[in-house]
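A structural walkthrough
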Amino acid sequence: MAKATVKSGGSGKKSLKRKAAMPEPQEAAVAGDGATEGGVQPPKATAFPPGFSISEIKNKQRRHLMFTRWKQQQRKEKLTAKKKLKKEREALGDKAPPKPVPKTIDNQRVYDETTVDPNDEEVAYDEATDEFAPYFNRETSPKILITTSDRPHGRTVRLCQQLSTVIPNSHVYYRRGLALKKIIPQCISRDFTDLIVINEDRKTPNGLILSHLPNGPTAHFKMSSVRLRKEIKRRGKDPTEHVPEIILNNFTTRLGHSIGRMFASLFPHNPQFIGRQVATFHNQRDYIFFRFHRYIFKSEKKVGIQELGPRFTLKLRSLQKGTFDSKYGEYEWVHKPREMDTSRRKFHL
């Protein structure tokens, strides 16, 4: 310890004794942990001990710094193991073991007893006698009426107009305050086979009702993630009048099979392949993603696709027997979140 003496500027002399704890230069460098004149440099990455816990560090900046180093170390170890495994597989060649299948929510799905078996005689009988049988037997051709809720706004109107260019032989009519119970008999008298109603909330489309005529069924969907054609980046030119192909993915249960047949009955049976247009309904975890594409042959082996729009996502809320009747209708299936959504690996479509 050193003693310091301070002399006053006056005639008298006053002495002040204080204790000064001056660190050595080497100690200061250690305390700074990599400090330089230009700023603070992060310390070099080192291996952490087995019992090391970052959460026990009280200093926030130090804790963040150590967490960043730990993440970097984890990435390096993962990359090193990946490169090592790749070299081993290349060395083994054809004798290499098959790659492990990663665990996902989809491939760990809980088994559903209503999963459709293509060779099941009961399923074949139901398909031959249900409401969509005349369409699949090519006895009737689709004719669709598209309408909206009362007083629709511009975004909903544009969505209906764009849907009419996707679905052949579809017609857009404005609601004009009529109830659906009055619209449905008029549709039946004019030989419409399906009715599509686009509902909205706060000027945004948020619901879709699909009713198969004349005897139902009627499905109610929640609509989200709506993107019109002008809102899609790198989209192709406007679709042509050719009849598109239709793709239905992952509708595996009896309920999903019925919903897939409802979507299929909107499009004619004879797609015009020269138009190279495809409408896709892809079911993943009970969310139905709708996309409309045009495919382009770049060469004999490469094919490119252009999204034409619109796009949206549907979530089934209920399936009702017969035509739309919100008060006295008989429901085949109703989504009840508290009872049905108890497991993330349980799906209904």
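All of these numbers come straight from a predicted model, not from anything done at the bench.

**A closer look at unusual backbone geometry**
Cis peptide bonds are those with omega within 30 degrees of zero, and the linkage from leucine 213 to proline 214 qualifies with 5°. For proline 214, the location among the structural elements is in the loop between strand E8 (204–212) and strand E9 (218–227). Even without a glycine there, the phi angle at asparagine 250 is positive, about 65°. Inspection of the secondary structure assignment puts asparagine 250 in the loop between strand E10 (245–249) and helix H7 (254–264).

**Considering a negative patch on the surface**
Taken together, the side chains of Asp117, Asp120, Glu121 and Glu122 define an acidic patch exposed on the protein surface. In this structure, aspartate 117 sits in the loop between helix H2 (60–92) and helix H3 (121–129).

**Some details on the confidence of the model for the protein chain**
Detail in the predicted coordinates should be disregarded across regions flagged by low pLDDT. Mean pLDDT over the protein chain stands at 84; residues scoring 70 or higher make up 86%. The low-confidence segment residues 1–38, where pLDDT is below 50, has 22 contacts with residues more than four positions distant or belonging to other chains.

**What to know about the side chain of threonine 218**
Counting through the fold element by element, threonine 218 comes out in strand E9. At 3.0 Å, the side chain of threonine 218 forms a polar contact with the side chain of serine 211. Filtering out sequence-adjacent residues up to four positions away, threonine 218 remains in contact with Ile209, Leu210, Ser211, Ser318, Leu319, Gln320, Gly322, Thr323 and Phe324.

**What about the packing of aromatic side chains?**
Evaluated as defined, the whole model comprises nine aromatic pairs. When the centroid spacing of 5.1 Å and the interplanar angle of 50° are considered together, the rings of phenylalanine 281 and phenylalanine 290 count as tilted. No difference in accessibility class separates phenylalanine 281 from phenylalanine 290, as the two residues are buried. Of the aromatic side chains, those joined through ring pairs into one cluster are Phe221, Phe251, Phe263, Phe267, Phe281, Phe290 and Phe312. Its end group placed over the ring of phenylalanine 192, lysine 143 keeps NZ or CZ at 4.7 Å from the ring centre.

**Here we look at the pairing of E10**
Pairing of E10 with strand E11 (residues 277–284) involves five bridges; the strand directions are parallel. Its bridge partner being in E11, asparagine 249 is matched across the sheet by histidine 282. The β-α-β motif built from E10, the intervening H7 and the parallel element E11 has left-handed crossover chirality.

**Description of the packing of H3 against H7**
Their axes nearest at 12 Å, the elements H3 and H7 cross at an angle of 30°. Taken together, the axes of H3 and H7 are roughly parallel relative to one another. You can see that H3 and H7 cross each other, and the crossing is right-handed. Contact residues: H3 offers Glu122, Val123, Asp126 and Glu127, while H7 offers Arg254, His257 and Arg261. In terms of residue class, the contact of H3 with H7 is built from one nonpolar, one polar and five charged.

**Brief notes about the nonpolar core**
Among the nonpolar cores identified, the biggest contains 37 residues, and Ile196, Phe221, Ile259, Phe263 and Ile288 are the most heavily contacted of them. Setting aside residues no more than four positions away along its own chain, isoleucine 288 makes contact with Phe221, Phe251, Ile259, Phe263, Phe281, His282, Asn283, Phe312, Thr313, Leu314 and Leu349. Counting residues in hydrophobic clusters, the runner-up holds ten residues, among them Ile184, Cys187, Leu195 and Leu213.

**Structural notes on the environment of proline 134**
With respect to the helices, strands and loops of the structure, proline 134 is situated in helix H4 (residues 133–136). Distance in space between the C-alpha atoms of proline 134 and serine 265 is 9.7 Å, their sequence separation being 131 residues. Contact partners of proline 134, with chain neighbours within four places excluded, come to Glu139 and Thr140.

**Observations regarding a positive patch on the surface**
On the surface, Lys78, Lys82, Lys86 and Lys99 cluster together into a positively charged patch. Along the chain, lysine 78 turns up in helix H2.

**Details of the pattern of salt bridges**
A side chain of one charge can pair with a side chain of the opposite charge if their charged atoms are brought near each other. Evaluated as defined, the whole model comprises nine salt bridges. The partner of aspartate 112 in a salt bridge is lysine 346, with the nearest N and O atoms 3.9 Å apart. Residue aspartate 112 is located in the loop between H2 and H3, and its partner lysine 346 is located in the segment after helix H8 (337–340); the two are separated by 234 residues in the primary sequence. Looking at aspartate 112, the relative accessible area reads 10%, which means it is buried. For the salt bridge of arginine 254 with aspartate 126, the shortest nitrogen-to-oxygen distance reads 2.3 Å. Remark: aspartate 126 occurs in helix H3 and arginine 254 occurs in helix H7; sequence separation between them is 128 residues. With relative accessibility at 26%, the residue aspartate 126 sits in the partly exposed group.

Calculation notes
Residues numbered from 1 in each chain as written. Predicted model: local features only at pLDDT ≥ 70, side-chain atom pairs only at ≥ 80, totals over all residues. Heavy atoms only, no water. Helix = DSSP H or I, 4+ residues; strand = E, 2+ residues; numbered from the N terminus. Patch = residues over 30% accessible without salt bridge, like charges linked within 9 Å, V, L, I, M, F, W, Y side chains within 5 Å. Areas by Shrake-Rupley, 256 points an atom, 1.4 Å probe, with all protein chains shown as cover. Salt bridge = Lys/Arg side-chain N within 4 Å of Asp/Glu carboxyl O. Lys, Arg positive; Asp, Glu negative; His and termini not counted. Charge placed at Lys NZ, Arg CZ, Asp CG, Glu CD. pLDDT = per-residue confidence, 0-100. Contact = heavy atoms within 4.5 Å. Polar contact = N/O pair within 3.5 Å; in protein donor to acceptor, adjacent residues only side chain to side chain. Phe/Tyr/Trp six-rings, centres within 6.5 Å; stacked < 30°, edge-to-face > 60°. Buried < 20%, exposed > 50% of the residue type's maximum accessible area, 1.4 Å probe, protein only. Lys NZ or Arg CZ within 6 Å of the ring centre and 35° of its normal. Pairing = 2+ DSSP bridges. Right-handed = clockwise from strand over helix to strand, strands pointing away. Axes fitted to C-alpha atoms, helices over the stretch in contact; angles between N-to-C directions. Parallel < 35°, antiparallel > 145°, perpendicular 65-115°, else oblique. Left-handed = near helix turned anticlockwise from the far one by under 90°. Nonpolar A, V, L, I, M, F, W, Y, C, P; charged D, E, K, R; others polar. Core = buried A, V, L, I, M, F, W, Y, C linked by side-chain atoms within 4.5 Å.

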